[in-house]
Amino acid sequence: MAIDWNVFTPGTALAGGALIGLAAGGFFLLAGRIAGISGVMGGLLRPRRGDTAWRLAFVAGLMAAPLAYALAAPLPAVHIDASAGLLIAAGLLVGVGTHYGAGCTSGHGVCGLSRFSGRSLAATVVFMAAGMATVFVLRHLG
Amino acid sequence: MPLVIAFGAGLVFGLGLLISGMADPAKVLGFLDIAGPWDPSLALVMGGAVGVAMVAFALARRRGTTLRGTPLQWPTARGVDARLVGGGVLFGIGWGLAGLCPGPALVLLGMGAPDAWLFAAAMLAGMAVFEGIEQWRRRD
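Residues numbered from 1 in each chain as written. Chains lettered and ligands numbered in written order. Predicted model: local features only at pLDDT ≥ 70, side-chain atom pairs only at ≥ 80, totals over all residues.

Looking at the overall build of chain A
Of the regular secondary structure elements, chain A holds 6 helices and 1 strand. Written out in order from the N terminus, the α and β elements of chain A read β-α-α-α-α-α-α. By principal-axis analysis of the C-alpha atoms, chain A measures approximately 50 × 40 × 35 Å. Burial analysis of chain A (142 residues in total) assigns 54% to the buried set. (Helix = DSSP H or I, 4+ residues; strand = E, 2+ residues; numbered from the N terminus. Buried ≥ 20, exposed ≤ 12 C-beta atoms within 10 Å, placed from the backbone.)

Right, here's the structure in full:
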C-alpha cells in the first residue's frame, strides 16, 4: 500500500467524517433511528402509514446538500468513470446486497461501529474486502 | 418525527460526504485500490465519523430515550449469518465496480451529475426486486 500523498486529504477527510458522525449521532439522539441510508431508502419500498414522510425528508436533505454547499464554495469535482453497463450492474448489486446484508457504509460502517456492534464489524470487514478485491481485479488483473 | 430533523440529518450527512470527498467515486476507489497509488482518506472519514457518533450512541445508551423523550430504536438483529455475509459480498462488489453507494449516489443526484440517476435507478430496482421476492415468499 503505497500512499499517494498527492490525493490523500487527511484534514477534510476528518472534518467531513466528523460531520457525518454528527449527522448520524444527532439523528439517533433526536429521532431514535439509525441513519443507514440503504435502510432509509429500502423502507420507502415497504410503505407504512406515518413512516414515509421522514424517509423522503432525509433523502431530500442528502440531495439538497450540494445546493447548500454551493452557497459557500464551488462544488468539488466529481468523476464517474464507469460505463453505463457497469453503473447498472453496480447499482443492482448495491441494491440487492444492502437489502440482504441489512446495511451499507452508513448503517454498518458508521452507526454499527459507533455502537460497537460485532455484527456490523463483520459486515464492514466483508464489504470492504469485497470492494478491495473487486477493484484489484478490475485494475490490476488482465 | 419532525421532518426538519430528518431533513437536517440528511443535509449535514450530505455536506460531510461532500467535504470529505466521499461523494467523488474516484476518491472512494482510490481507497479501495490497495495495490495502486493508495488514498487512505476513507479510513479517516470513517474514523472521524465513528469518533463523533460513538459519543452520541453512548449518550443515548445512558439516557434510554431520545433527547425528545421518544423511544430509541436500537437494531435488534444479532449474529453473523449467511445473509449478512452474502449481502456484504454483493454490496462490496457493487461498491468496488463504480465506487458508489447509497449516500453518495443521492448527493450526486442532487448535483445533477450525469449517470448518477442510472446507478440510483438500478439500485432502487435491485432493492425493489428482492423486496418483491421476499414479500411474495411471505404471503403464504
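Additional details are given in the paragraphs that follow.
Describing the overall build of chain B
For chain B, the helix and strand inventory stands at 6 helices and 1 strand. Each helix (α) and strand (β) of chain B, taken in turn from the N terminus, gives the series α-α-β-α-α-α-α. With respect to the three principal axes, the spread of C-alpha positions in chain B is 45 × 45 × 30 Å. Residues counted as buried form 54% of the 140 residues belonging to chain B.

So, the interface of chain A and chain B
Contacts between chain A and chain B engage 103 residues on the former and 106 residues on the latter. Looking at the side of chain A that touches chain B, the elements that each hand over two or more residues are β1 (2–3), α1 (10–31), α2 (37–42), α3 (53–72), α4 (84–100), α5 (105–114) and α6 (118–140) of chain A. In terms of residue count, the dominant contributor to the side of chain A that touches chain B is α1(A) (21 residues). Residues that form the side of chain A that touches chain B fall into these classes: 71 nonpolar, 25 polar and 7 charged. In terms of strand pairing, β1(A) meets strand β1 (residues 37–38) of chain B through 2 bridges, oriented parallel. (Contact = placed C-beta atoms within 7 Å. Nonpolar A, V, L, I, M, F, W, Y, C, P; charged D, E, K, R; others polar. Pairing = 2+ DSSP bridges.)

Quick look at α5(A)
All names here are of chain A. Counting buried positions along α5 gives 10 out of 10 residues, so the element sits mostly inside the fold. Here α5 has its buried residues at Thr105, Ser106, Gly107, His108, Gly109, Val110, Cys111, Gly112, Leu113 and Ser114. Positive phi appears at Phe116, one or two residues downstream of α5, with a value of about 60°.

What to know about the environment of A:Gly36
Note that A:Gly36 resides in the loop between α1 and α2. Between the C-alpha atoms of A:Gly36 and A:Gly109, which are 73 residues apart in sequence, the distance is 9.1 Å.

With respect to the packing of α4(A) against helix α6 (residues 116–138) of chain B
Across the interface, α4(A) lies against α6(B) with an axial gap of 7 Å and an inter-helix angle of 40°. Considering the angle they form, α4(A) stands oblique to α6(B). For the crossing formed where α4(A) meets α6(B), the hand is right-handed. Packed against α4(A), whose contacting residues are A:Ala84, A:Leu87, A:Ile88, A:Ala90, A:Gly91, A:Leu92, A:Leu93, A:Val94, A:Gly95, A:Val96 and A:His99, the element α6(B) presents B:Leu118, B:Phe119, B:Ala120, B:Ala121, B:Ala122, B:Met123, B:Leu124, B:Ala125, B:Gly126, B:Met127, B:Phe130 and B:Glu131 at the interface. Among the residues forming the contact of α4(A) with α6(B), the class breakdown is 18 nonpolar, 4 polar and 1 charged. (Axes fitted to C-alpha atoms, helices over the stretch in contact; angles between N-to-C directions. Parallel < 35°, antiparallel > 145°, perpendicular 65-115°, else oblique. Left-handed = near helix turned anticlockwise from the far one by under 90°.)

Considerations on the nonpolar core
A:Ala23, A:Ala24, B:Ala49 and B:Phe119 are the most contacted members of the largest nonpolar core, which has 96 residues in total. Looking at which element gives the most residues to this core, the answer is α1(A), with 12 residues. When near neighbours in sequence (up to four residues on either side) are disregarded, B:Phe119 contacts A:Leu87, A:Ala90, A:Gly91, B:Ala98, B:Leu100 and B:Ala105. (Core = buried A, V, L, I, M, F, W, Y, C linked by C-beta atoms within 7 Å.)

Some thoughts on the confidence of the model for chain B
Taken over all residues, the pLDDT of chain B has a mean of 94, while the share at 70 or more is 99%. The ipTM, which scores confidence in the relative placement of chains, is 0.96 for this predicted complex, and the corresponding pTM is 0.95. (pLDDT = per-residue confidence, 0-100.)

Side note on the packing of α3(A) against helix α1 (residues 3–20) of chain B
In contact at an axis separation of 6 Å, α3(A) and α1(B) are set at 40° when each is read in the N-to-C sense. The orientation of α3(A) relative to α1(B) falls into the category oblique. By crossing handedness, the relation of α3(A) to α1(B) is classed as right-handed. Taken together, the residues that form the contact of α3(A) with α1(B) break down as 20 nonpolar, 4 polar and no charged.

Describing helix α3 (residues 41–63) of chain B
Look at α3(B): 33 Å from first C-alpha to last across 23 residues, which is about the 33 Å you get at 1.5 Å a residue. Immediately downstream of α3(B), the backbone of B:Gly64 shows phi near 85°, a positive value. (Expected span 1.5 Å × (residues − 1).)

Topic: unusual backbone geometry
We note that A:Phe116 has phi near 60°; this positive angle belongs to a residue other than glycine. Mapped onto the secondary structure, A:Phe116 falls in the loop between α5 and α6. For A:Phe116, a count of 13 C-beta atoms within 10 Å corresponds to the partly exposed category. Even without being glycine, B:Asp115 reaches a positive phi, approximately 75°. Looking at where B:Asp115 falls in the secondary structure, it is placed in the loop between α5 (102–111) and α6.

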